[in-house]
Amino acid sequence: MLLGTQRINGNGALEIGGCDTVELARQFGTPLYVLDEDYFRETCRNYRAAFEARYPEVGISFSGKAFMTSAVCRIVGQEGLALDVSSGGELHTGLRAGFPPERILLHGSNKSRAELEMALEAGVGRVGLDHLREVDLLQELAAGRGQRVDVLLRVAPGVQADTHTHIQTWKADTKFGFAIVGGAEKEAVAKELGAPNLRLCGIHCHIGSQILDLEPFREAAEMMVDFAAELRDELGHTVAELDLGGGLGVRYLPEDDPPSLEEYAETVTGAVRGRCEKHGLPLPRLLQEPGRSLVGEAGMTLYTVGVVKELPGVRTYVSVDGGMSDNPRPALYGARYDAIVANKAGEPRERSVAVSGKHCETDTLIADLKAPQIEPGDILAVQTTGAYNYSMASNYNRLPRPAVVLVADGGADLIVERETLDDIVRLDRVPARLQGDWPSRSAAE
Ligand SMILES: Cc1ncc(COP(=O)(O)O)c(C=O)c1O
């Protein structure tokens, strides 16, 4: 599976953005996140084109939680996308990158007072509200500052999306948003409408992530328009914006077959149009918040192979120099990945190996990879790591987080530096009472 600008060059090595991945590994070290700029930009454009060709007023917002760095913010901003953030840290990153605040939308299922204040201070374009308490809090803060703030109400439409339970957000039984059952959602709308410093612009939902079937998207779009019709009929409120979240799946494995952006846009816009006609509603502005489907396939991670452990008749374990700290998804969700031995990319994949990380856990990255003979020192390129890898990375086992390079036209630019060992201890503090001399012998001597 070769994605975006990936190809196999004359040396039989994997190339991305015109750069030899073996050379990238040598120059920047491993583990290394690599982002294919052209493929990422092209996907941003294709997203916009697919929706703009089918619907009068569309806003595509990059969901920063998928892969947020200052350079990534610059790219999505240049491509005319908005930015959705879900914490003070993501908001700070966007603002520091110079992202226009009016094109930023703040989400989050438990936004703190400080985060809401930060959003008001910055003048973000929209704040998504998940709870009645947030409605009160934002009203209080906005009133205190003499501001009026545009808000979206998050609802859980109850549409079943077939994906891992940790990334399902559609159910009524979820911490996210107001369930469209029982009337709490209408109470929230009424409350927002009655809050003098809030302007309810629209309704929002996000049914889950890595969804490979179009049906749940169609159903969710229809249910949201039905809900908009109820708001008009029961509260006399016209929904101006309909934000249907993100969730479209990507190719992790060669056999994955996600819907094309065209098919996806056709389904969503068709459902909204059809239902608006049925209810006699004007077409709302349609918002989309893709993360994974914008950036997932544009990213790869390079590792260096260390120990290769052959258990004859059982399995071959190939250990790489990263693992669950740079990609927790296999451990969290049983997520599956494909990989290419970058320096042997042209060789037949005749063996079966398990790829493990270096952590003090059984951190299997790929349980069953078809690969050529792998030896220590080989470079392994794991595909489709652009979403929820760097953004979910940790320092488990006190491993420094990898660098990120942006590649295009044969050039590679560092967009996030590799953490150093000193970064690992930078925030540690030792109280005075723990300082002083060590005992003369330790237990290990
Ligand atoms: C509110 C919201 N919008 C958008 C997204 C992006 O989803 P995805 O990366 O699957 O497109 C998420 C992901 O969790 C989300 O919670």
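As the structure is a computational prediction, the values presented were derived from the model and not from experiment.

### Focus: the pattern of salt bridges
Part 1 of the argument: On inspection of all chains with the given rule, the structure shows 30 salt bridges.
Part 2 of the argument: Where Glu 266 meets Arg 54, a salt bridge forms, and the shortest distance between an N and an O atom there is 2.6 Å. Of this pair, Glu 266 sits in helix α9 (residues 261-279) while Arg 54 sits in the loop between α2 (37-52) and β5 (58-63), placing them 212 residues apart in sequence.
Part 3 of the argument: Residue classification places Glu 266 among the partly exposed positions, given a relative accessible area of 46%.
Part 4 of the argument: The partner of Arg 251 in a salt bridge is Glu 297, and the shortest N-O contact between them spans 2.9 Å. Taken together, the residues span a long stretch of sequence, with Arg 251 in the loop between β12 (241-243) and α9 and Glu 297 in the loop between α10 (292-295) and β14 (299-311) at a distance of 46 residues.
Part 5 of the argument: By relative accessible area, which is 31% here, Arg 251 ends up partly exposed.
Part 6 of the argument: Owing to a relative accessible area of 11%, Glu 297 belongs among the buried residues under this scheme.

### A few points about the domain arrangement of the protein
Part 1 of the argument: Splitting the protein by domain gives domain 1 (7-35 + 296-422) and domain 2 (37-294).
Part 2 of the argument: Summarising the inter-unit geometry, the C-alpha centres of domain 1 and domain 2 are found 32 Å apart.
Part 3 of the argument: Listed by partner, the interface residues are 23 residues for domain 1 and 25 residues for domain 2.
Part 4 of the argument: Summing both sides of the interface, domain 1 and domain 2 together bury roughly 2200 Å²; the carbon and sulfur share of this comes to 61%.
Part 5 of the argument: Considering only the side of domain 1, the residues that lose the most area to domain 2 are Glu 297, Tyr 333 and Tyr 388, jointly responsible for 28% of the buried surface there.

### Describing the sheet that holds strand β2 (residues 14-16)
Part 1 of the argument: The three strands lie next to each other as β1-β2-β3, forming an open sheet whose pairing is antiparallel. This sheet does not close on itself; its edge strands, each paired only once, are β1 (7-8) and β3 (19-20).
Part 2 of the argument: Pairing analysis gives two bridges linking β2 to β3, with the strands arranged antiparallel. Bridging across to β3, Glu 15 finds its partner in Asp 20.

Analysis parameters
- Residues numbered from 1 in each chain as written.
- Predicted model: local features only at pLDDT ≥ 70, side-chain atom pairs only at ≥ 80, totals over all residues.
- Heavy atoms only, no water.
- Salt bridge = Lys/Arg side-chain N within 4 Å of Asp/Glu carboxyl O.
- Helix = DSSP H or I, 4+ residues; strand = E, 2+ residues; numbered from the N terminus.
- Buried < 20%, exposed > 50% of the residue type's maximum accessible area, 1.4 Å probe, protein only.
- Domains from an automatic or database assignment.
- Contact = heavy atoms within 4.5 Å.
- Buried area = accessible area lost by both parts, 1.4 Å probe.
- Pairing = 2+ DSSP bridges.

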